[in-house]
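Coordinate inspection notes
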Amino acid sequence: MSTAKHRMRDKKMRNQPINVTYSSQGSSHWRNGGGTPTGRGHDLSPHPWGHGSSHSGHAQGGGWVRGHQREGHGGYPQALPTHITASAFAKARAAEVNAMLMAVTKTTGSSHVFGGLPKHMRRRAMSHNTKRLPCRLRDMANNMAGQKMKKEQSKSKSRKARRRHGNMLLEFNRRQRKNLWLETHIWHAKRFHVVKRWGYCLGDRPTYKCYRACYRAMSSHCLLQDMSYYCCVELQGPGEQLLAALSKLTSKETGPTFAAAMCVSGRRQGSVVVYRAGQYPLQPLGPVTFLWRPTTQGRGGQEDQGSQGSTHRQLWIWAHPTMKTDLLPELQAVCQCSEAVLPPAPVDLPVPQPAPTPTLAPGPGAGPEAAQTSGSGSKRKWSSREPEAAGPPAKKLLGYSTISATTPVTWRSSTTGIVISDLTMEMVRYRLIGPLSHSVLTETLAPATHTDATGKSRPSPFWWPDHCRDDCNMSLHQQQAGVFNMLRGVYSTAEVPAGSVLGLTVDDPRLTLPNKRSKAVTWSYGTMPSVVSGVNEERRRELMLKGIPEPLSQSSLWDRSVRDNVTHNKMTDQEVNRLRNDVLVPGSRLPTPLQGRVPVLLVQQSGKSQGTEMGSWGAGWDLLLPKAWGMAFWVPLVYRGVRIGGLRMSLKHTQNKGEPHFPHDYPDCPAGARFQEEQEAELLAKFRRRPPAKRTNYIKHGCLAPFRCPWQQLVEEWELIVKEEEGGGGEDAVVPMEQEVTPPQSNFTVLRNRKSLRQLSAWCRPTSSKCQRARNPGSTPQLNRNVAASLLSSHGGSSLVWIRLSLVTKGQPEQHALVCVPTAEDLQLVRKEPGCTGPQEPLHTDHFKSRVKRPRKKDHNKPGTSSSSSANLTNPSSSCTSALTLGLWPEPLPSVTSHCSRVTLGWVTQGDFSLSAGCGEALGLLSLTGLLHTLLRQPDGQRGLVLLRNPGSLQYRFAKINIEV
């Protein structure tokens, strides 16, 4: 036999059993367990191949030989074995069976299923089409094909997967060093256009079309927004000292202040515009919302404020992040809190392991974040070079993580006893807007279940068992749960009094997460369950009339210790999924662990409260949570069919309500001035990115400032106009067009005196064409020059008035549109033709066009390059022309009031087609002096009628002024 055949035979027979074995006495034993006597004609002697290889082609004695043998070379044994040994026989047969199974189950060298088919049944198409195989082999072929696909997929990863960081947790923490992420950032990043604003990464607008759907949600269902980027400042101290200090920042002329009776009790949330100490009506800082902690409270699990005095109070002030840098130093000054308290060193709190659920985690403190960190920490380069304490944090960053650990966030006063704490990002705040916001909350949240007070002597690591030991706390919780269940019978969110506060403790909403996304609906009185229908109808009416009682506004969320306990003991999503996997009936409610109780606060947000149109539109609820619980409540709310809105939808919400939006519509505040500068730079850069031939020439359209509103120059020019008229200049006296005004330091302010605004609202005579009622003319004095002069003297000529404009005919107002005074011919035209479009601005001449293009023509000619450079040295004005932009007026601006054919009154800050009113609406500011000057010269039937023109248009359109108070 050749060498190649020997190797092939050895490969095939390596697992075959040995045929014959020989004992030490020289007797032969057959492999099958039998034996024959040695008295045959030839003697059997042991052979070397008898113990090992059985594939030899020569047999010198008994045993297996291949093929037929010639004479003299031996042959097959003639006698059968006389006895069989059971053990040896079974062992021999077992070896043969194993060899046969191994030969059958082992695939061929090509590892194809159709290799087991006869050659006449094999087809080339079977390699890529398993349907050509017999039915008995298709499943095996599909499994092998799936394994190959998985292997190929793992080998060739996408570029995104290859570039993915090894430890995503540390990478996310690194990316938050400059701009902070909200807890819902990753959810928004997958579905929204994210912008970097005010030190945060915020969702601006969705990536899909949903503008009208979001409006329908605000009007008929619910819209959800994450407002956690708002800053919270906590004040603690004696109540008298707090009210005395805060009274310096507000004025009763603007409305209710921090000392309002309904707000001080803790039953209602208040809002107020804050000024610098003692500077009203000048130097405003911006609007804030505030919430007092109720004075009545339970004993167990809460701070004992009575030990520090009966007047010790606690206050939360919520402000926009751009306003925090101005508000916090002012609060420290009026409260005399100059002593900074260094934060304590961070202590790693152990996460306790609950006894009833031993299968949640392998050990105390084990979680997906810790496992991820421990598994990937050794792979990072910094772990081998730096000590463990100096490395990046192993946990997910929570709270205000962009500041240093040594930066103080608490200040105290030794004289007043007031303590100021910065609670930015210490709580999560969600806003639900719409008439069915209460239905979404009642379907998502469930009041916390009672815990049996067994083992009272043993302290619990969780806050809820200790809280349940006090009967007063449980009685208060039952009353709060009863009021919360009564909300299910309320038809609309607007039926609850504005600003009502309800404290509640709820179970983890992840335990009741539905399998499918559904839309929350309200319960009519006919379809109401028996549990809710049995509630007394008088109690529901009392709730809608008087609001939530004061004791029920208390919540454990006010206590820092409770918030920290709930944050550190939060169940991970992995543990919740394990509970969901272990439940016997899929879809049933999961058992509530001890750490699954969360204190929350529900604050009712008022809708449209000014004016007579669309009363209470946009009302909703604010949900306040401890930090780290953002996504645990966000996903269940989304599963109730709510729409999600971003920054742009917040702007549209305030626009439909007719209220100013901060900081866009507060030009007299420092944050509003900074926003106007940033917006001007952004719009100017966008304008310059367009080709010169595709830009709008604002000079020809008669628009001096298309990207900003020069308010200071406007009020100064109107004061000059009135003074010239009083000095005998005539009614048409205006500032000369060629006069260039250099604006000094800003000292204008927006009029917020409610009494004066009511007078102006009555003088503008809002018509009833847009569902408005005429006000009682007897409540306000008649407009004349003496009354107007007294109003101007009390507020000064450098005041602006917030207005809402409604277009009479078609048209869509835009941002920075001009609001102008109609002439006598314009009023006569609209009297004859009520549906007329309006006058048109004549086209202006661009005197800077040649100055902008001349240097560009010289640059193209090589011989003229030196002459143009010499011209710049001889002509000093040529250096200024290099900074000109085609289509824009250079600085300083000429007169903004008399630049066009109609005198300018003000500008529009927000403008769009209103889906609620069915016409174009705009919000803006007008000069108080110019408004009174215009109203005095208009007939009674046409008072409040002005002209509006977009920056890129020459067409004026008639609009009506509405001042809503």
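As shown above, the structure is provided for reference.
Residues numbered from 1 in each chain as written. Predicted model: local features only at pLDDT ≥ 70, side-chain atom pairs only at ≥ 80, totals over all residues. Heavy atoms only, no water.

1. Some remarks on the overall build of the protein
Short version of the rule: Where helices and strands are cited, they refer to DSSP runs of H or I of at least four residues and of E of at least two residues respectively, numbered from the N terminus. Using a 1.4 Å probe on the protein chains alone, a residue whose accessible area is under 20% of its type maximum counts as buried, one over 50% counts as exposed, and one in between counts as partly exposed. A contact between two residues is defined here by any heavy atoms of the two lying within 4.5 Å. Note on areas: these come from Shrake-Rupley sampling with a 1.4 Å probe, and a residue is covered only by the protein chains present in the view.
If you tally the helices and strands in the protein, you get 30 helices and 27 strands. Buried residues in the protein amount to 46% of all 965 residues. By sequence separation, contacts in the protein at least 24 residues apart represent 77% of the contacts at least 6 residues apart. Total accessible area on the protein stands at roughly 50,000 Å², and carbon and sulfur atoms take up 53% of it.

2. Topic: a positive patch on the surface
What counts is decided by this rule: Patches here are clusters of residues that have more than 30% relative accessible area and form no salt bridge, with a 9 Å joining cutoff for like charges and a 5 Å cutoff for nonpolar side chains (Val, Leu, Ile, Met, Phe, Trp, Tyr). A pairing counts as a salt bridge when a side-chain nitrogen of Lys or Arg comes within 4 Å of a carboxyl oxygen of Asp or Glu. The sign given to each residue is positive for Lys and Arg and negative for Asp and Glu; His and the chain ends receive no count. Where a charge sits is defined by one atom per residue type, namely NZ (Lys), CZ (Arg), CG (Asp) or CD (Glu).
There is a patch of like positive charges on the surface, built from R212, R216, R517, K519 and R643. Relative to the helices and strands, K519 is located in the loop between β17 (501-507) and α16 (530-533).

3. Structural notes on the packing of aromatic side chains
Which entries qualify depends on this criterion: Pairing of aromatic side chains here covers Phe, Tyr and the six-membered ring of Trp, requires ring centres within 6.5 Å, and sorts the geometry by plane angle: under 30 degrees stacked, over 60 edge-to-face, intermediate tilted. Working rule: Lys NZ or Arg CZ, within 6 Å of ring centre, within 35 degrees of ring normal, means a charge sits over the ring.
Taken as a whole and assessed by the stated rule, the structure comprises 18 aromatic pairs. Measuring from centroid to centroid gives 6.0 Å for Y215 and W617, while their planes differ by 25°, and the two rings are stacked. Here W617 lies in the loop between β18 (597-605) and β19 (620-626) and Y215 lies in helix α7 (residues 211-220), a separation of 402 residues in the sequence. A relative accessible area of 10% means that W617 is categorised as buried. An aromatic cluster is present here, built from W198, Y200, Y229 and Y230 joined pairwise through their rings. Geometry around F687 places R695 over its ring, the cationic atom sitting 5.4 Å from the centre. The ring of Y956 carries R902 above its face, with NZ or CZ at 5.5 Å from the centroid.

4. Some thoughts on helix α10 (residues 321-335)
Since the α-helix turns once every 3.6 residues, residues separated by three or four places project in the same direction. The line we're drawing: One less than the number of residues in a helix, times 1.5 Å, gives the span that helix is expected to have. Note that bend, as reported per residue, equals the angle between axes fitted to the 7 residues terminating at that residue and the 7 residues originating from it.
With 15 residues, α10 should reach 21 Å at 1.5 Å per residue; the first-to-last C-alpha distance of 21 Å fits that figure. L327 marks where α10 bends most, by close to 30°; the proline P329 follows one to four residues later. For α10, the tally of buried residues reaches 11 of 15 residues, placing the bulk of the element in the interior. Three or more residues of α10 are buried, namely P321, T322, M323, K324, D326, L327, L328, E330, L331, V334 and C335. After α10 finishes, the residue Q336 shows a positive phi value of roughly 60°.

5. Considering a nonpolar patch on the surface
Taken together, the side chains of V97, M100, L101 and V104 define a hydrophobic patch exposed on the protein surface, amounting to about 390 Å² of accessible area. Mapped onto the fold, L101 is located in helix α2 (residues 86-105).

6. What about the sheet that holds β19?
What counts is decided by this rule: Strands qualify as paired when DSSP identifies two bridges or more between them.
Overall, mixed pairing links the six strands, which are arranged β17-β18-β19-β16-β8-β20 in an open sheet. Of all the strands in the sheet, just β17 and β20 (643-644) have a single pairing partner and so form its edges. Taken together, the seven bridges between strand β16 (residues 427-433) and β19 define a ladder with antiparallel strand orientation. Across the sheet, R431 pairs through a bridge with D622, a residue of β19.

7. Some thoughts on the pattern of salt bridges
For the structure shown, the criterion picks out 27 salt bridges. Its salt-bridge partner being E426, residue K627 comes within 3.4 Å of it at the nearest N-O pair. Linking K627 in the loop between β19 and α20 (630-638) with E426 in the loop between β15 (419-422) and β16, this pair joins segments that are 201 residues apart in sequence. One connected set of salt bridges, linked through shared partners, spans K608, R804, E921 and E964.

8. Section: the sheet that holds strand β6 (residues 192-197)
The sheet built from three strands is open, its strands ordered β5-β7-β6 with mixed pairing. In this open sheet, the two strands that pair with only one neighbour each are β5 (180-181) and β6. Note: β6 against strand β7 (residues 200-206), six bridges, orientation antiparallel. Across the sheet, residue V194 finds its bridge partner in β7, namely G203.

9. Quick look at the environment of P287
For P287, the location among the structural elements is in strand β11 (residues 284-292). Distance from P287 to V274, taken between C-alpha atoms, is 6.1 Å for residues 13 residues apart in sequence. Not counting the four nearest positions on each side in its chain, P287 is found in contact with V272, V273, M323, F662 and Y666.

10. Here we look at the packing of helix α24 (residues 754-763) against helix α25 (residues 785-795)
Inclusion rule: Lines are fitted to the C-alpha atoms to define the axes, a helix being fitted only along its stretch in contact, and any angle between axes, read from their N-to-C directions, falls within 0 to 180 degrees. Note on convention: near helix rotated counterclockwise from far helix by under a right angle means a left-handed crossing. Clockwise means right-handed. Three categories are distinguished: nonpolar for Ala, Val, Leu, Ile, Met, Phe, Trp, Tyr, Cys and Pro, charged for Asp, Glu, Lys and Arg, and polar for the others, with Gly belonging to the last.
α25 packs onto α24 with a crossing angle of 145° between their chain directions and a minimal axis gap of 12 Å. The hand of the α24/α25 crossing is left-handed. Across the interface between the two elements, S756, Q759, L760 and W763 from α24 touch V787, L791 and H795 from α25. Its residues assigned to classes, the contact of α24 with α25 shows four nonpolar, three polar and no charged.

11. A word on the nonpolar core
If you look at soluble globular proteins, the nonpolar side chains tend to sit buried side by side. Our working rule: Joining through side-chain atoms within 4.5 Å is the link that ties buried Ala, Val, Leu, Ile, Met, Phe, Trp, Tyr and Cys residues into a set, and such a set is a nonpolar core.
Judged by nonpolar contacts, the single largest core of 61 residues is most densely connected at L760, V801, L805, I961 and I963. The next biggest cluster of nonpolar side chains, apart from the first, holds 45 residues, and it includes V496, V566, A632 and F633.

12. Focus on helix α30 (residues 928-936)
Among the nine residues in α30, eight count as buried, and that is most of the element. All of the buried residues in α30 are L928, T929, G930, L931, L932, H933, T934 and L935.

13. A few points about the pairing of strand β24 (residues 904-914)
A large share of β24 lies buried, amounting to nine of its 11 residues. Two strands pair when backbone bridges link them, and strand β23 (residues 818-820) and β24 are joined in this way by three bridges, in the antiparallel orientation. Looking across to β24, one finds that V819 is bridged to G906. As paired elements, β24 and strand β25 (residues 919-927) share eight bridges and run antiparallel to each other. Bridge assignment links G911 to a residue of β25, and that residue is A922.

14. A word on unusual backbone geometry
Excluding glycine, residues mostly have negative phi values, and the peptide bonds linking residues are mostly trans. Between Y280 and P281 the backbone carries a cis peptide bond, its omega angle lying at 5°. Structurally, P281 is set in the loop between β10 (270-275) and β11. For the peptide bond that leads from E891 to P892, omega is -5°, which places it in the cis range. Positive phi is not limited to glycine here, since Q283 has a value of about 55°.

15. Topic: the pairing of strand β26 (residues 945-949)
Most of β26 sits out of view: five of its five residues are buried. Where burial is concerned, the two faces of β26 agree: the one with L945, L947 and R949 and the one with V946 and L948 are both buried. Relative to strand β27 (residues 957-962), β26 runs antiparallel, the two sharing four bridges. Paired with L947 across the bridge in β27 is F958.

16. A look at the packing of α7 against helix α21 (residues 647-657)
Note the following rule: Orientation labels follow simple angle bins: below 35 degrees gives roughly parallel, above 145 gives roughly antiparallel, 65 to 115 gives roughly perpendicular, and whatever is left gives oblique.
One way to put it is that α7 packs onto α21 with a least axis distance of 11 Å and a crossing angle of 50°. By the angle class used here, α7 and α21 are oblique. As for the relative orientation of α7 and α21, their crossing is right-handed in sense. On α21, the residues that touch Y211, C214, Y215 and M218 of α7 are M649, K652, H653 and N656. Looking at the contact of α7 with α21 residue by residue, the classes come out as five nonpolar, two polar and one charged.

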